[in-house]
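# Summary of structural features
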Amino acid sequence: MTDGAVETVGGSARVLIAADKFKGSLTAVEVAQRVTAGLHSVAPGVPVETLPVADGGDGTVAAAVAAGFERREVRVTGPLGDTVTAAYALRDGTAVVEMAEASGLQHLPEGVFAPLTATTYGSGELLGAVLDAGARSLVFGVGGSATTDGGAGMLSALGARFLDADGQPVAPGGGGLLELATADLSGLDPRLADADIVLASDVDNPLTGPKGAPAVYGPQKGATPEDVATLDAALTRYAKALEAAVGPRAAHLAYAPGAGAAGGIGYGALVGLGARFRPGIEVMLDVLGFTRALAGATLVITGEGSLDEQTLHGKAPAGVAAAARARNIEVIAVCGRLSLPPEALGRAGIRRAYPLSRLEPDPAVCIAEAGPLLERLAADIARDFLI
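Overview of the structure. Values in this document were obtained by computation on a predicted structure and should not be read as measured data.

## Things to note about the overall build of the protein chain
If you tally the helices and strands in the protein chain, you get 15 helices and 13 strands. Since a compact globule built from 387 residues should have a radius of gyration of about 21 Å, the 22 Å found for the protein chain is in line with a globular shape. Dimensions of the protein chain, computed from C-alpha atoms along their principal axes, come out at roughly 75 × 40 × 35 Å. Here the protein chain, with 387 residues, has 55% of them falling under the buried criterion. Accessible area for the protein chain stands at about 15400 Å²; split by element, carbon and sulfur atoms hold 51% of it. Both charge centroids of the protein chain, one from 29 positive and one from 43 negative side chains, sit 5 Å from each other.

## Concerning the sheet that holds strand β13 (residues 352-355)
Spatial ordering of the open sheet is given by β2-β1-β11-β12-β13, a layout of five strands whose pairing is parallel. The strands lining the two open edges of the sheet, one partner per strand, are β2 (48-50) and β13. Here the average twist between neighbouring strands, direction ignored, is 25°. Alignment of strand β12 (residues 330-338) against β13, held across four bridges, turns out to be parallel. Across the sheet, the residue bridging to Cys335 is Pro355, located in β13. Against the sheet, helix α15 (residues 370-385) touches β11 (299-307), β12 and β13, its axis set at about 150° to β13.

## Points about the layout of surface pockets
Taken as a whole, the largest pocket spans an internal volume of roughly 1100 Å³. Forming the walls of the largest pocket are 35 residues, and the residues nearest its centre are Asp202, Val203, Tyr217, Gln310 and Lys315. For the lining of the largest pocket, the secondary structure elements donating two or more residues are β10 (276-279) and β11. A total of three residues in the lining of the largest pocket trace back to one element, the largest contributor, which is β11. The residue inventory of the lining of the largest pocket, partitioned by class, reads nine nonpolar, 15 polar and eleven charged. In this model, the second largest pocket occupies a volume close to 310 Å³. Forming the walls of the second largest pocket are 22 residues, and the residues nearest its centre are Lys21, Thr27, Asp58, Gly59 and Ala62.

## Some remarks on the packing of aromatic side chains
The geometry of an aromatic ring pair is captured by the separation of the ring centres together with the interplanar angle, meaning the angle of the planes. Evaluation of the coordinates by the stated rule reveals two aromatic pairs. Centre to centre, the rings of Tyr238 and Tyr267 are 5.9 Å apart; their planes meet at 75°, and the pair counts as edge-to-face. Taken together, the residues span a long stretch of sequence, with Tyr238 in helix α7 (residues 225-246) and Tyr267 in helix α9 (residues 265-272) at a distance of 29 residues. Taken individually, Tyr238 and Tyr267 each receive the classification buried, so the pair is uniform in this respect. Connected via pairs of aromatic rings, a cluster forms that spans Phe162, Tyr238 and Tyr267.

## Brief notes about the sheet that holds β10
Judged by pairing direction, the sheet is mixed, and its six strands sit side by side in the order β3-β4-β5-β6-β9-β10 without closing on themselves. The sheet is open, and its two edges are formed by β3 (70-77) and β10, each paired on a single side. Mean inter-strand twist for the sheet, computed between neighbouring axes without regard to direction, equals 30°. Sheet topology note: the strand β4 (residues 83-91)/strand β5 (residues 94-98) ladder contains four bridges and is antiparallel.

## What about the pattern of salt bridges?
Applying the stated criterion to the full structure yields 18 salt bridges. Across the pair Lys21 and Asp20 runs a salt bridge, and its minimum N-O distance is 3.6 Å. With respect to burial, Lys21 and Asp20 carry one shared label: buried. One salt bridge in this structure joins Arg352 and Asp384, with 3.4 Å as the shortest N-O distance. Taken together, the positions of Arg352 in strand β13 and Asp384 in helix α15 put the pair 32 residues apart, joining distant regions of the chain. Look at Asp384 and you get partly exposed, because its relative accessible area is 23%. Residues participating in the shared-partner salt-bridge network are Asp20, Lys21, Lys23 and Asp58.

## Focus on the packing of α7 against α9
In contact at an axis separation of 12 Å, α7 and α9 are set at 5° when each is read in the N-to-C sense. Taken together, α7 and α9 sit at an angle that is classed as roughly parallel. Of the residues in α9, those touching α7 at Tyr238, Ala239, Leu242 and Val246 are Tyr267, Gly268 and Val271. Here the contact of α7 with α9 is built from residues that sort into six nonpolar, one polar and no charged.

About the criteria used
- Residues numbered from 1 in each chain as written.
- Predicted model: local features only at pLDDT ≥ 70, side-chain atom pairs only at ≥ 80, totals over all residues.
- Heavy atoms only, no water.
- Helix = DSSP H or I, 4+ residues; strand = E, 2+ residues; numbered from the N terminus.
- Rg over C-alpha atoms; globule rule 2.2 N^0.38 Å.
- Buried < 20%, exposed > 50% of the residue type's maximum accessible area, 1.4 Å probe, protein only.
- Areas by Shrake-Rupley, 256 points an atom, 1.4 Å probe, with all protein chains shown as cover.
- Lys, Arg positive; Asp, Glu negative; His and termini not counted.
- Charge placed at Lys NZ, Arg CZ, Asp CG, Glu CD.
- Pairing = 2+ DSSP bridges.
- Axes fitted to C-alpha atoms, helices over the stretch in contact; angles between N-to-C directions.
- Contact = heavy atoms within 4.5 Å.
- 1 Å grid on protein atoms, 1.4 Å probe; cavity = no way out; pocket = protein on both sides within 12 Å on 5 of 7 lines; lining within 4 Å.
- Points joined across faces, edges and corners; volume = space filled by probe spheres on them.
- Nonpolar A, V, L, I, M, F, W, Y, C, P; charged D, E, K, R; others polar.
- Phe/Tyr/Trp six-rings, centres within 6.5 Å; stacked < 30°, edge-to-face > 60°.
- Salt bridge = Lys/Arg side-chain N within 4 Å of Asp/Glu carboxyl O.
- Parallel < 35°, antiparallel > 145°, perpendicular 65-115°, else oblique.

Structure (structure tokens):
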């Protein structure tokens, strides 16, 4: 066994691969496959278990399916009003729902944004389909949205009404909320009251203000400074209308963790759906059965496309490392790009990180050849820790 090798249990190493996707190049499932192949090229006899993970953002449904959930698809309204296909995952009355499947940036044509008009209506239709399927325990992962409508579209699809001064429905999207006069949640689907809905997110921004959804995330969705100001004013009006409809808790929830997630859909979920917020990686590790998978492991390999400051604030590798460290299990990370110093990795519970850039300095090549490069890195990990 080489210097720095893992102290094994019962004389044999057991590896658990619990990594997120490398966005733009490899899914979490593909990361696990490539790392497994690389490990076995050097240490073919080492048992390896894979548990692809996600933190509530894009890739969450895929991770649930990889863990044994059934994938189901429905047709819903996309962010631009056209019809799109959205998937969710279902097992034993528990559903994993990803708002980006219905209302995400991936449904916009290349280079096209609609910061003022993109709607979350399809996310509400997706939740309705999940209720139709019999699910009453819902994990609602939010992230990667094309929208900044505070979840008004989602709530409309589930029976809420948002009316202007003439009693007419306001236009779709965050911009339409500038004309909002009255919010009526009395017609919301009654099944929501019996459902346990967890808002899974790594975002703690408030709904509005300098750190709110429009200011921080609006520019990523094509919002100009003028659009940001419009959306902030519109969501402020929206929050006041909801306060008039349901009472002071709506004002309080505008500042709650998760409220600013995915263009404010978190706020709509907290107020209208009665959702409770949990950090995305924590709830997903529970749903995916991470504790069971961790039992008997002597080495955990986690990772994502970029290990950076954001990783330390609720991203999947940090959650995996914290859970493994609590059981004194060594954690190694793989990534495309590394911008954290060793001491920061250590504080997060990660012993060592292996970036693709260690093998290939050109980022474009790293993205294009991520699979083969990751196998080579995994072979290095096997040499350093398994033989």
